[in-house]
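# Structural description and commentary
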Amino acid sequence: MTDTFRLLALSAGLSTPSSTRMLADQLTREASAALGADGSAVEVTTVELREYAHDLTDALLTRFPSERLSMVIEQVRAADAVVAVTPIFNAGPAGLFKTFFDALDIELWKDKPVLVGATAGTARHSLAIDYAVRPMFGYLKADLVPTSVFAASADFGADTEGQADEQPLAARVRRATGELATILLARRGTALPVAGAAGKASAADGSAETHSVEDASADAAPARPGLDPEFTDFVPMGDLLPRR
Amino acid sequence: MQFGIFTIADITPDPMTGKVPTENERLKNMVEMGRLAEQVGLDVFAIGEHHNPPFVTSSPTTTLAYLGAQTEKIILSTATTLITTNDPVKIAEDYAMLQHLTGGRVDLVMGRGNTGPVYPWFGQDIRKGIEIAIENYDLLRRLWTEDVVNWEGQFRTPLQQFTSTPRPLDGVAPFVWHGSIRSPQIAEQAAYYGDGFLHNNIFWPMSHTEQMVQLYRERYEHYGHGTARQAYVGLGGQAFMRKNSQDAWNEFRPYFDNAPVYGGGPSMEDFTAQTPLTVGSPEQVIERYLTMADHVGDYQRQMFLMDHAGLPQKTVLEQIELLGTEVVPVLRRELEARKPTDVPEAPTHAARVAAAEAERGAFDDSYKFETGDNWTGLRAEDARR
């Protein structure tokens, strides 16, 4: 096990610069700070999904990822946690965001800690996170951070309480990234020093999870060197044919 | 090594003219392709089986028999035969018939079919696709190897004292390949029986293909049919050629951009880099296909798709001619030269008959069933007595 936490941020903003990217950066910065407070090293990689828009569409049609997209897939696989941020369009996540998940193998997300963020023009879209983004991660069996962060345009200009929202963006980012740090440290068996009772309970659950994950991955390890797990998924013929 | 062409018999508009071939034109064109394939020295002609538009090849043995009557040497094969939705009894009968009528120039590639709705049209359930493929094929083998079969299974009515007629030519069943792109279970099935495995990799990167073939080879050895490198492997291929590489790119691009499956997706540059599709001069096609054995090991059959995406028949025939006269002779020479002697040749009926005779002596083809009356089975009134 490496000592460095690998955070992967996925930003589905379509413009450059984008407020979605700004939120992704804010989340990874605060998550790094929360993890760093414990002395852990953190390595952040940020992927702008717009740079893979063609690769993603191609993968949907050809059903295999391009070499460029395969590198992102490997980054997801290797990440200790993913920060996934999307604009809200037409009451749902950006098509680019959904396409990314549609084009990838669902097994990739199982038990992966994911912190969700979303942006939109006004706070009236904020519940889209709950009804249109979080359900997908439930289906993917990701380990969702309880707090998601929504940022409306006004949030970026309002750092003090009461200016835009009851809770300023910075405070909500701190809470969500603190929860992410608690999950990640618990998986490594070190609870955050500041974690309260709730933090400890989730730490206990987290370490139990860690064990089961390790066992599962030992079973799923390719029986044959050189073959990816998908190629070992078959039943020996002797078990399928009736005895004669 | 065997080289051939396969067609899925799709009806696709020519994007340059908007012209859509009629069903009749497409069928006649396919037969013309098969005749030319033999003339230019190709070894195999295979057709797909589909039961829905925009395809016209619902009855492969009809087409193959018609072509068989107009050819002498070429092996008639399938791409693929639907082992799931066809009754194995009918497959056993149809392809044994074809064997007799064409002097044994028949083999089959088994597939499950990739069109979900086809299953209920033939009374089957796609959720059971793999189980049906396993059961049906096991029965099919018995129907070809045992003169009288008693059988009971899940997916068709039981058989009692059933004899599939005609019996396979010379007592040797057609060679079977199992085609699958993504299902390791089918590689396992092919290996279990010591049959061939054909990976139609035309839309897939080699990193995927080589793992499927590796699995099949390892399991082939596991089941004791020979060493891993002695297993029977076939690959798909796709090419568009002109003497001048740039001409090939210019001419093929509109067909690529509008092709079913990948049209509207990756660029031709990306797709030719990622998959076996090769667009260029015959020399470039040779260069590319000489490398396939580096990934999957020395193999027995290389098939090419030459007639899809609405290419006009004249162009398709030119492509087949280039393939047969310029590409395949070099590939054949080079690939056979590199093949170790313990890797078997591609299967042919003659070789399989010779092997069977070495094992069990000469085949006695005298008729071995009851003759002399017109008894066609129990009538209800007979059963009552």
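The structure presented is a predicted model; accordingly, all values stated were derived computationally and were not measured. (Residues numbered from 1 in each chain as written. Chains lettered and ligands numbered in written order. Predicted model: local features only at pLDDT ≥ 70, side-chain atom pairs only at ≥ 80, totals over all residues.)

A separate point is the overall build of chain B. Helix and strand counts for chain B come out as 14 helices and 13 strands. The C-alpha atoms of chain B give a radius of gyration of 21 Å, which matches the 21 Å a tight globule of 385 residues would have. Taking all 385 residues of chain B together, 47% fall into the buried category. In chain B, of all internal contacts separated by at least 6 residues, the share reaching a separation of at least 24 is 74%. (Helix = DSSP H or I, 4+ residues; strand = E, 2+ residues; numbered from the N terminus. Rg over C-alpha atoms; globule rule 2.2 N^0.38 Å. Buried ≥ 20, exposed ≤ 12 C-beta atoms within 10 Å, placed from the backbone. Contact = placed C-beta atoms within 7 Å.)

Our focus in this paragraph is the overall build of chain A. A count of helices and strands for chain A gives nine helices and seven strands. Across chain A, contacts joining residues at least 24 apart in sequence account for 69% of those joining residues at least 6 apart.

The next point concerns the nonpolar core. By size, the foremost hydrophobic cluster in this structure holds 98 residues, and its most contacted members are Ile5(B), Phe197(B) and Tyr216(B). Once you skip the residues sitting within four places of it in the chain, Phe197(B) turns out to touch Trp177(B), His178(B), Ala187(B), Ala190(B), Val213(B), Tyr216(B), Ala231(B), Tyr232(B) and Val233(B). (Core = buried A, V, L, I, M, F, W, Y, C linked by C-beta atoms within 7 Å.)

This part is about the confidence of the model for chain B. Here chain B shows a mean pLDDT of 94. Residues at 70 or above account for 96%. Overall fold confidence (pTM) sits at 0.85, and the ipTM for the predicted complex is 0.85. (pLDDT = per-residue confidence, 0-100.)

Note: interface size is frequently given as the accessible area lost on complex formation between the parts. Taken together, the contacts link 19 residues of chain A with 22 residues of chain B. Elements supplying a minimum of two residues to the side of chain A that touches chain B: helix H2 (53-62) and helix H9 (237-240) of chain A. With four residues, H2(A) is the single largest residue contributor to the side of chain A that touches chain B. A per-class count over the side of chain A that touches chain B returns 10 nonpolar, five polar and four charged. (Nonpolar A, V, L, I, M, F, W, Y, C, P; charged D, E, K, R; others polar.)

Per the UniProt record, the feature "domain: NADPH-dependent FMN reductase-like" (unreviewed entry) sits at residues 6-154 of chain A. Helix makes up 42% of residues 6-154 of chain A and strand 26%. Its end C-alpha atoms lie 31 Å apart. (UniProt positions renumbered as here; feature names shortened; annotations may be inferred.)

All right, on to unusual backbone geometry then. With an omega dihedral of -5°, the bond running from Thr16(A) to Pro17(A) counts as a cis peptide bond. Checked against the element boundaries, Pro17(A) lands in the loop between strand S1 (5-11) and helix H1 (19-36). Cis geometry is adopted by the peptide bond preceding Pro166(B), which originates at Thr165(B) and carries an omega value of -10°. With respect to the helices and strands, the residue Pro166(B) is situated in the loop between strand S7 (159-162) and strand S8 (175-179). Phi at Asn90(A) takes a positive value of approximately 45°, unusual for a residue other than glycine. With respect to the helices and strands, the residue Asn90(A) is situated in the loop between strand S3 (81-89) and strand S4 (92-93). Of note in the backbone geometry, Ala91(A) takes a positive phi value of approximately 70° without being a glycine. Tracing the sequence through the fold places Ala91(A) in the loop between S3 and S4. You can call Ala91(A) exposed: it has 11 C-beta atoms within 10 Å.

Attention shifts here to the UniProt feature "domain: Luciferase-like" (unreviewed entry) in chain B. Residues annotated by UniProt as "domain: Luciferase-like" (unreviewed entry) correspond here to residues 1-294 of chain B. For residues 1-294 of chain B, the end-to-end C-alpha separation is 15 Å, with 41% helix and 16% strand making up the annotated structure.

Here we take up the sheet that holds strand S3 (residues 75-78) of chain B. Hydrogen bonding along the main chain pairs the strands of a sheet, whether they run parallel or antiparallel. Residue and element names in this part refer to chain B. Within the open sheet, the nine strands sit side by side as S3-S2-S1-S13-S10-S9-S8-S5-S4. Their pairing is parallel. Only two strands of the sheet have a single partner each, and these edge strands are S3 and strand S4 (81-82). Where strand S5 (residues 107-111) lies against S8, four bridges are found, and the strand directions are parallel. Paired with aspartate 107 across the strands is phenylalanine 175, a residue of S8. (Pairing = 2+ DSSP bridges.)

Moving on to the packing of helix H3 (residues 88-101) of chain B against helix H5 (residues 129-145) of chain B. All names here are of chain B. Put simply, H3 and H5 touch, their axes get as near as 9 Å, and they point 45° apart. Accordingly, the angle class assigned to the pair H3 and H5 is oblique. At the point where H3 passes H5, the crossing takes the right-handed sense. For the pair H3 and H5, contact is made by Pro88, Val89, Ile91, Ala92 and Ala96 and by Asn136, Leu139, Leu140, Leu143 and Trp144, respectively. Residues that form the contact of H3 with H5 fall into these classes: nine nonpolar, one polar and no charged. (Axes fitted to C-alpha atoms, helices over the stretch in contact; angles between N-to-C directions. Parallel < 35°, antiparallel > 145°, perpendicular 65-115°, else oblique. Left-handed = near helix turned anticlockwise from the far one by under 90°.)

Let us look at the packing of helix H10 (residues 282-289) of chain B against helix H12 (residues 313-338) of chain B. Residue and element names in this part refer to chain B. Relative orientation of the contacting elements H10 and H12 amounts to 40°, with a least axis distance of 9 Å. Judged by the angle between their axes, H10 and H12 are oblique. Judged by the sense of rotation from one axis to the other, the crossing of H10 with H12 is right-handed. Listed contacts from H12 to Pro282, Val285, Ile286 and Tyr289 of H10 are Leu322, Glu326, Val327, Val330 and Leu331. Considered class by class, the residues forming the contact of H10 with H12 number eight nonpolar, no polar and one charged.

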